[in-house]
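Examination of the molecular architecture
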Amino acid sequence: MLNARKKILKEKGAAPSALEEEVAKALFDIEVSPSSDIKADLRDIVINSAQDFEVKNRTALIVHFPFRVWKNVQKIQGRLVRELEKKFSKKHVIFVANRTIL
């Protein structure tokens, strides 16, 4: 779990929620699996946060990424969504970029 914890980038050392740790573990599992074709692209990807959102009769999983890794996420978005939907059954997966404007 120590290496999966490196997939979460929180502000000022805030503690991650259980859902965020679960998403980070799923990303790490995809990265270390020998059959994964997106292994190299996942190496630099981290998440800011994750949350569940109720939509009609299903749940959507919203994953927030820092804007600096957004280009890498867009390259592998289709394959990554399919892999995460396999891991989190009965949930839609949505990616959102967090952008800080100075």
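Residues numbered from 1 in each chain as written. Predicted model: local features only at pLDDT ≥ 70, side-chain atom pairs only at ≥ 80, totals over all residues. Heavy atoms only, no water.

**Focus: helix α2 (residues 18-32)**
Compared with the 21 Å implied by 1.5 Å per residue over 15 residues, the 21 Å span of α2 between its first and last C-alpha is a close match. Listing the buried residues of α2 in full gives Leu 19, Glu 20, Val 23, Ala 24, Ala 26, Leu 27, Ile 30 and Glu 31. The arc enclosing the buried residues of α2, seen along the axis, measures out at 155 degrees, which places them on a common side. (Helix = DSSP H or I, 4+ residues; strand = E, 2+ residues; numbered from the N terminus. Expected span 1.5 Å × (residues − 1). Buried < 20%, exposed > 50% of the residue type's maximum accessible area, 1.4 Å probe, protein only. Arc of directions from axis to C-beta.)

**Some details on the nonpolar core**
Ranked by internal contacts, the top residues of the largest apolar core, which has 25 residues, are Val 23, Leu 42, Leu 61, Phe 65, Leu 80, Leu 84 and Phe 95. Those elements giving two or more residues to this core turn out to be α2, β2 (58-66), α4 (70-75), α5 (77-87) and β3 (91-98). If one sorts the elements of this core by residue count, α2 sits on top with 6 residues. Filtering out sequence-adjacent residues up to four positions away, Leu 84 remains in contact with Ala 26, Leu 27, Ile 30, Val 93 and Phe 95. (Core = buried A, V, L, I, M, F, W, Y, C linked by side-chain atoms within 4.5 Å. Contact = heavy atoms within 4.5 Å.)

**Observations regarding the side chain of Asn 48**
Within the secondary structure layout, Asn 48 lies in the loop between α3 (39-42) and β1 (49-55). Its relative accessible area of 17% is what places Asn 48 among the buried residues. The residues contacting Asn 48, other than those within four sequence positions of it, are Leu 9, Lys 10, Glu 20, His 64, Phe 65, Pro 66 and Asn 98.

**Observations concerning the sheet that holds β3**
In spatial order, the strands read β1-β2-β3; together these 3 strands make up an open sheet with mixed pairing. The open sheet is flanked by β1 and β3, the only strands paired with a single partner. Each strand of the sheet is rotated relative to its neighbour by a mean of 25 degrees, with strand direction disregarded. Sheet analysis places β2 next to β3, joined by 8 bridges and oriented parallel. Each residue of the ladder has a partner; that of Thr 59, found in β3, is Lys 91. Sheet strands in contact with α2 are β1, β2 and β3, and its direction is about 105 degrees off that of β1. (Pairing = 2+ DSSP bridges. Axes fitted to C-alpha atoms, helices over the stretch in contact; angles between N-to-C directions.)

**Quick notes on unusual backbone geometry**
With a phi angle near 50 degrees, Lys 56 is a residue other than glycine that sits in the positive phi range. Take Lys 56: it is sitting in the loop between β1 and β2. The phi torsion at Lys 90 lies on the positive side, around 65 degrees, for a residue other than glycine. Checked against the element boundaries, Lys 90 lands in the loop between α5 and β3.

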